Amino acid sequence: LTRLVDDLLDLSKIENGKLKFNYCEFAFRPFIENAVEMIRQTHKDHHIRLMGDADAIICGDPSRIEQVVVNYLTNAIKYSPQSREVHVITELVGDQVFVRVKDFGIGIPKDKQASLFQKHFRVEETSHQFQGMGIGLYICAEVLTRHKGTYGVTSNPGEGPEFYFSLPVLPEKPVLSENN
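Keep in mind the model is a prediction, meaning the values are calculated, not measured. (Residues numbered from 1 in each chain as written. Predicted model: local features only at pLDDT ≥ 70, side-chain atom pairs only at ≥ 80, totals over all residues. Heavy atoms only, no water.)

Novice: How would you explain the overall build of the protein if you had to name every residue and give the values?
Specialist: When its secondary structure is counted, the protein shows six helices and seven strands. If you list the helices and strands of the protein from N to C, you get α-β-α-β-β-α-β-β-α-α-α-β-β. The buried share of the protein, taken over its 180 residues, is 46%. Surface exposure of the protein reaches about 10,100 Å², of which carbon and sulfur atoms provide 52%. (Helix = DSSP H or I, 4+ residues; strand = E, 2+ residues; numbered from the N terminus. Buried < 20%, exposed > 50% of the residue type's maximum accessible area, 1.4 Å probe, protein only. Areas by Shrake-Rupley, 256 points an atom, 1.4 Å probe, with all protein chains shown as cover.)

Novice: Quick one: what's the story with the pairing of strand 4 (residues 85–93), residue by residue and with numbers?
Specialist: The pairing of strand 2 (residues 47–51) with strand 4 spans five bridges and is parallel. Residue pairing for strand 4: Ile-48 is matched across the bridge by Val-86. As paired elements, strand 4 and strand 5 (residues 96–103) share eight bridges and run antiparallel to each other. The partner of His-87 across the bridge, within strand 5, is Lys-102. (Pairing = 2+ DSSP bridges.)

Novice: Go over the sheet that holds strand 2 with me, naming the residues and quoting the values.
Specialist: Across the sheet, five strands lie side by side as 2-4-5-7-6; this open sheet has mixed pairing. Only two strands of the sheet have a single partner each, and these edge strands are strand 2 and strand 6 (150–154). Taking the axes of each pair of neighbouring strands and ignoring which way they run, one obtains an average angle of 15 degrees across the sheet. In this structure, strand 6 lies alongside strand 7 (residues 162–168), joined through five bridges in antiparallel fashion. Bridge assignment links Val-153 to a residue of strand 7, and that residue is Phe-163. The sheet contacts of helix 2 (residues 28–42) involve strand 2, strand 4 and strand 5, and relative to strand 2 the element is tilted by about 170 degrees. In the packing of helix 3 (residues 62–78) onto the sheet, contacts are made with strand 2, strand 4, strand 5, strand 6 and strand 7, and the angle to strand 7 comes to roughly 170 degrees. (Axes fitted to C-alpha atoms, helices over the stretch in contact; angles between N-to-C directions. Contact = heavy atoms within 4.5 Å.)

Novice: Got a sec to walk through the packing of aromatic side chains? Specific residues and values, please.
Specialist: Per the stated rule, a full pass over the model turns up seven aromatic pairs. With 5.8 Å between their ring centres and 20 degrees between their planes, Phe-21 and Tyr-23 make a pair best called stacked. Classification of Tyr-23 by relative accessible area gives partly exposed; the value is 40%. One aromatic cluster is present, built from ring pairs that chain together Tyr-72, Phe-117, Tyr-151, Phe-163 and Phe-165. Directly above the aromatic system of Phe-21 lies the positively charged group of Arg-64, at a separation of 5.8 Å from the ring centroid. (Phe/Tyr/Trp six-rings, centres within 6.5 Å; stacked < 30°, edge-to-face > 60°. Lys NZ or Arg CZ within 6 Å of the ring centre and 35° of its normal.)

Novice: Go over the pattern of salt bridges, please, and point to the residues and values.
Specialist: Counted by the stated rule, this structure contains four salt bridges. For Glu-91, the salt bridge is made with Arg-100, and the minimal N-O distance between the two is 2.6 Å. Salt bridges sharing common partners tie together Glu-91, Arg-100 and Glu-162. (Salt bridge = Lys/Arg side-chain N within 4 Å of Asp/Glu carboxyl O.)

Novice: Break down unusual backbone geometry for me, citing the residues and quoting the values.
Specialist: Among all residues save glycine, negative phi is the norm, and among peptide bonds the norm is trans. The phi torsion at Lys-148 lies on the positive side, around 60 degrees, for a residue other than glycine. Look at Lys-148 and you get exposed, because its relative accessible area is 68%.

Novice: Provide a residue-level description of the packing of helix 3 against helix 6 (residues 136–146), including the pertinent values.
Specialist: It is at 9 Å that the axes of helix 3 and helix 6 come closest, and there the two elements cross at 145 degrees. For the pair helix 3 and helix 6, the crossing hand works out as left-handed. Contacts between helix 3 and helix 6 involve Arg-64, Ile-65, Gln-67, Val-68, Asn-71, Tyr-72 and Asn-75 from the former and Gly-136, Leu-137, Ile-139, Cys-140, Val-143 and Leu-144 from the latter. Counted by class, the contact of helix 3 with helix 6 contains eight nonpolar, four polar and one charged residues. (Left-handed = near helix turned anticlockwise from the far one by under 90°. Nonpolar A, V, L, I, M, F, W, Y, C, P; charged D, E, K, R; others polar.)

Novice: I'd like a description of helix 2, backed by residues and values.
Specialist: In an α-helix, one turn spans 3.6 residues; hence positions three or four apart end up facing the same way. Helix length check: helix 2, at 15 residues, gives a terminal C-alpha distance of 22 Å against a target of 21 Å (1.5 Å per residue), a fit within 8%. Every buried residue of helix 2 is listed here: Phe-28, Arg-29, Phe-31, Ile-32, Ala-35, Val-36 and Ile-39. For helix 2, the angular spread of buried residues about the axis comes to 165 degrees, placing them on one side. (Expected span 1.5 Å × (residues − 1). Arc of directions from axis to C-beta.)

In structure tokens, the structure reads:
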């Protein structure tokens, strides 16, 4: 219920241009480890496997990016009721850190995938089976866009989807020698 109220408040703030962000520099690896561990603690009957060793410094709002990770993971758990396995894969590609969340649930028809991040969109085939208002992924898209990130999903029906996002990393600062 708290999450629903928070999402509704965020939706209102987005629509009014008042969604606030508190940007700072932070290390990505400990951040993603903590976010995954938080979901592990609240979903002890699921095995959430964190793979990859992407580490970089990013500039963003940690609480808003955590909101994206939590939404992706809770959706993966919610929409894969027959599976107890969720994979979180991280990798550093060029100047982007990528996060992929893969579940082993029902999958998403190709013709619905492009609409998933739109406000109030719900896949008709699942709307009677799973509760929701269709705003979580919309909020994720807004957060990621404000961070100059990308997002999306790949899926085949009958196979679990893989939701992903990327965030730009900060360039490494040069190490100055004592002579500089």
